[in-house]
Amino acid sequence: ARALGFAGKAGQAQTVLSDDLSQQVALVGLGGEGEDRVAETVRTAVANGVRQLRAGKVATIAVAPLPDLQAAAEGAVLAQYAFDAFKSAQARATAADPQEARAAEVRLLGPESDAWAEGRVCAAAQNLARDLMNTPANHMTPTGFAQRVEAELAGLAGVEVRVHDRAWAEAQRMGGLLAVAKGSDEPLRFVEIVYRGAPAADAGVALALVGKGITFDTGGYSLKTGRHMDLMKGDMGGGATVAAAIKAVAQLRVPINAVAVVPLCENMVSGRAAKVSDVYTSRAGLTVEIMNTDAEGRIVLADALHYVIEAHRPRAVVDVATLTGAMVVALGERYTGVFTPSPRLWGAIETAGAATDEPVWRMPLDDAWDAMLTSPVADLSNIGNRSEAGACTAAAFLRQFVHAPRLAAPAVLRAQNADDEAEPRWAHLDIAGPMEAAATAGYHQKGMSGRPTRLLVELARQLAREPQK
């Protein structure tokens, strides 16, 4: 191995033959003894080793015990992801890329390990989110998404999946969801997943997850350009990640009561579609002037946030959405932008991000953004009235539907940390950047990423350890 240049550096991998020449052995580097971020080092190293063995057409892989077995399992499972559901059998059989070959069977060398098993569950959940996001929009319609989620969660202990239709949304006064959905021939759906895992029978809901579920986004009459519009099949990435995370939480039997809701529709152009300057009434009773039909995600999320808070009374609510191009400009594809007035919830999210190597960055949530959402004809505009702070004003819009409306600007503007820890604690995760990986490296695959599924699972585990009310 040394002759081939292997020095054991973090992430390095080198394949050699066993002494009897009967097996391929991938040696992976974990760096020196002082290496920090051990979990991420292991996750990447195992992924690179598995990739090398797969390139050598190895069908069965045994992974030796490593310092973090959950991370090792995640690297092994995530590295093998391939989306070929729409390739013909002939194309799959003749694929030149070894990454498109059938996945190898991967097991732990030695005794069984709970950490290894948990890592496989978390990685499989992220791969489920990848599948949902990668599936073309003519197959992953709102109805198709709901059916897939029902099938994936069927039979899990403590889980109930409810799928609601347009009539239900009308009864719930979801004017925003109805306004966005009316431009499409595809019927809207509203998926509600309830998981009861807390040991106390009278324990309330500790965590509510709300995921944006726009299964394709043309921008409506504020039409997007053709460049990268193909990525808009993944505009339901928030919905994909929260549904996948709840599945993993249930499989791991995390002792928590949690809810996930996903408002699902397409944002299309037609004679029925919402127009710029249209006004609708949200579920909260606030009227909203649509000044940009491509700012539709916050419109459907607002109704979903208001519903889940009123119906389930969660102690914490986190919405996840591929919401703004401004966030991509600000943070790129590595970091998720987090807006929250709760220092305690931010701390939990930051810790979960560090544990799963799904990094987050706290963004400002200031009273100044509220003043930019004024409309001359309605309570709110769905975009800021100046061409700046696009991600911030989107978060400020959502904040209006969490506690009380913030329509009147205070005499003295306050920053986010001046807020009390009022329940529900709320955070908004803008994942427009991390929704896609630009290149394949380590356990990351080029294409839809399925992030931040593992972060949400870890967040649920943290909140499960808080005192139950």
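Here goes a summary of the coordinates provided. (Residues numbered from 1 in each chain as written. Predicted model: local features only at pLDDT ≥ 70, side-chain atom pairs only at ≥ 80, totals over all residues. Heavy atoms only, no water.)

## Examining the overall build of the protein
In terms of helices and strands, the protein carries 14 helices and 18 strands. Taken against the 2.2 N^0.38 rule, which gives 23 Å for 469 residues, the C-alpha radius of gyration of the protein at 23 Å falls within 12% of a compact globule. C-alpha atoms of the protein, sized along the principal axes, occupy 80 × 50 × 40 Å. Buried positions account for 56% of the 469 residues belonging to the protein. When the accessible surface of the protein is totalled, it reaches about 19,400 Å², and 53% of it is carbon and sulfur. (Helix = DSSP H or I, 4+ residues; strand = E, 2+ residues; numbered from the N terminus. Rg over C-alpha atoms; globule rule 2.2 N^0.38 Å. Buried < 20%, exposed > 50% of the residue type's maximum accessible area, 1.4 Å probe, protein only. Areas by Shrake-Rupley, 256 points an atom, 1.4 Å probe, with all protein chains shown as cover.)

## Some points on the layout of surface pockets
By volume, the largest pocket amounts to about 900 Å³. Of all the secondary structure elements, the ones that give two or more residues to the lining of the largest pocket are helix H9 (297–312), helix H10 (325–331) and helix H13 (390–399). Approximately 430 Å³ is the volume found for the second largest pocket. Lining the second largest pocket are 18 residues; nearest its centre among them are Ala26, Leu53, Ile61, Ala62 and Val63. When residues of the lining of the second largest pocket are traced back to their parent elements, those giving at least two are strand E2 (24–28), helix H1 (38–55) and strand E3 (60–63). Looking at the lining of the second largest pocket, the element that brings in the most residues is E2, giving five residues. Grouping the amino acids of the lining of the second largest pocket by side-chain chemistry returns 13 nonpolar, four polar and one charged. (1 Å grid on protein atoms, 1.4 Å probe; cavity = no way out; pocket = protein on both sides within 12 Å on 5 of 7 lines; lining within 4 Å. Points joined across faces, edges and corners; volume = space filled by probe spheres on them. Nonpolar A, V, L, I, M, F, W, Y, C, P; charged D, E, K, R; others polar.)

## Some words on the packing of H1 against helix H2 (residues 69–78)
A pair of packed helices is characterised by two quantities: the angle between their axes and the separation of those axes. Their axes nearest at 7 Å, the elements H1 and H2 cross at an angle of 35°. Crossing of H1 against H2: the hand is right-handed. For the pair H1 and H2, contact is made by Ala39, Val42, Arg43, Val46, Ala47 and Val50 and by Ala71, Ala72, Glu74, Gly75 and Ala76, respectively. Split by residue class, the contact of H1 with H2 holds eight nonpolar, one polar and two charged. (Axes fitted to C-alpha atoms, helices over the stretch in contact; angles between N-to-C directions. Left-handed = near helix turned anticlockwise from the far one by under 90°. Contact = heavy atoms within 4.5 Å.)

## A short note on empty space enclosed by the protein
Scanning the entire structure with this criterion turns up two cavities of 30 Å³ or more. Approximately 90 Å³ is the volume attributed to the largest cavity. Partitioning the lining of the largest cavity into residue classes produces eight nonpolar, four polar and one charged. Of the pockets and cavities examined, the second largest cavity occupies roughly 30 Å³. Around the second largest cavity, the lining residues are Gln70, Glu74, Cys122, Thr356, Arg454, Val457, Glu458 and Arg461. Those elements giving two or more residues to the lining of the second largest cavity turn out to be H2 and helix H14 (453–464). The element best represented in the lining of the second largest cavity is H14, accounting for four residues. The residue inventory of the lining of the second largest cavity, partitioned by class, reads two nonpolar, two polar and four charged.

## What about the side chain of Thr293?
Summarising the element assignment, Thr293 is placed in the loop between strand E11 (287–289) and H9. Its relative accessible area of 6% is what places Thr293 among the buried residues. Here the side chain of Thr293 touches Ser222 through a polar contact of 2.7 Å, landing on its backbone nitrogen. In contact with Thr293, not counting residues within four places along its chain, are Gly219, Gly220, Tyr221, Ser222, Asn267, Ala274, Lys275 and Val276. (Polar contact = N/O pair within 3.5 Å; in protein donor to acceptor, adjacent residues only side chain to side chain.)

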